[in-house]
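# Coordinates in review
These are the residues of each chain, in order.
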Amino acid sequence: MHMPLWLQAGLWGLVGGSALVLGAAIAWFTSLSQRAIASVMAIGSGVLISAVAFDLMDEAYRLGGFDSTSLGFLGGAAIYTAANIIITRRGAKHRKRSGHNPDESQAAAGSSGLAIAVGALLDGIPESVVIGVGLLAGKGVSLVTVAAVFLSNVPEGLSSAAGMRRAGRGAAYVFGVWGGIAVVSGLAAMLGNVALEGANPEIIAATTAVAAGAILAMLADTMIPEAFESTHEFSGLITVAGFLLAFILTKLGG
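Remember, predicted model here, so these are calculated numbers, not experimental data. (Residues numbered from 1 in each chain as written. Predicted model: local features only at pLDDT ≥ 70, side-chain atom pairs only at ≥ 80, totals over all residues. Heavy atoms only, no water.)

### Regarding the environment of V129
Within the secondary structure, V129 sits in helix 3 (residues 106-134). With 82 residues separating them along the chain, V129 and A211 place their C-alpha atoms 7.6 Å apart. The residues contacting V129, other than those within four sequence positions of it, are A188, A189, G192 and T207. (Helix = DSSP H or I, 4+ residues; strand = E, 2+ residues; numbered from the N terminus. Contact = heavy atoms within 4.5 Å.)

This is the structure in structure tokens:
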């Protein structure tokens, strides 16, 4: 029996969002080095840049041309930036960070942990919508996009869970929050698939470009600076390796 596309979209969105729970589990049960997590972040950055360039923008241009793609791309970046400013001022400036500030108070840790969780929704919804919309082309899910979303979510779940734990939150609270956000990621992918099924190609193009702009802005604002902070001079090489890996997978998959 063939699984309906909307259900496939939801399941793949859930897979990407489940990395948040994995990151929270790593923070809760182990003590992974900041450098190791930053390396994952750098790889994820390279993979996401490749996904934006070769999957999302190419597809948006194919469907809607320069006008829809350009407006959507710049609009997505502007919307993300405005929302990010609000989230940042509420304590989620370093939501992709793998470490923590030892001088941070328990109250501040709890507040920033919750703000990071809200920030994860801001980062994750465009990514999840892209997964759902991508299935409408009839070529199956883009494994490169799913892998990129997964890799970018691990350090986010880790940093927030670490802050919540320092603030005295229990396991049920921490994993409840991240499990809920993972479910929302699946629902966002499902909604993107259902809402845009049969839509005008220019609308799909603009939506894809909006997500691409938001993802690229998120990379420049959060993931790349945080990855560089711990990997320093190696961050560029690791990011390039991630990009090359995704590029190869894109071409082999095509």
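Moving on from the coordinates now.
### So, the nonpolar core
L48, V174 and W178 are the most contacted members of the largest nonpolar core, which has 41 residues in total. Every element with two or more residues in this core is listed here: helix 1 (5-29), helix 2 (34-92), helix 3, helix 4 (143-166), helix 5 (171-195), helix 6 (201-231) and helix 7 (235-253). By residue number, the principal contributor to this core is helix 2, which donates 10 residues. (Core = buried A, V, L, I, M, F, W, Y, C linked by side-chain atoms within 4.5 Å. Buried < 20%, exposed > 50% of the residue type's maximum accessible area, 1.4 Å probe, protein only.)

### Some points on the packing of aromatic side chains
Inspection of every chain in the model, using the stated rule, returns five aromatic pairs. Both rings, one in F29 and one in F175, keep their centres 6.3 Å apart while their planes meet at 20°; by these two values the pair is stacked. You can see F29 sitting in helix 1 and its partner F175 sitting in helix 5, a full 146 residues away along the chain. Classification of F29 as exposed rests on a relative accessible area of 63%. The ring of Y173 has R169 sitting right over it, with the charged end atom 4.3 Å from the ring centre. (Phe/Tyr/Trp six-rings, centres within 6.5 Å; stacked < 30°, edge-to-face > 60°. Lys NZ or Arg CZ within 6 Å of the ring centre and 35° of its normal.)

### Looking at the UniProt feature "transmembrane region" (unreviewed entry) in the chain
The sites that UniProt annotates as "transmembrane region" (unreviewed entry) are residues 6-29, 36-57, 69-87, 131-151, 172-191, 203-222 and 234-253. With 100% helix and 0% strand, residues 6-29 has end C-alpha atoms that lie 34 Å from one another. End C-alpha to end C-alpha, residues 172-191 measures 28 Å, and it is 100% helix and 0% strand. (UniProt positions renumbered as here; feature names shortened; annotations may be inferred.)

### Considerations on the environment of T222
When you line up the elements, T222 lands in helix 6. By relative accessible area, T222 is classed as buried at 2%.

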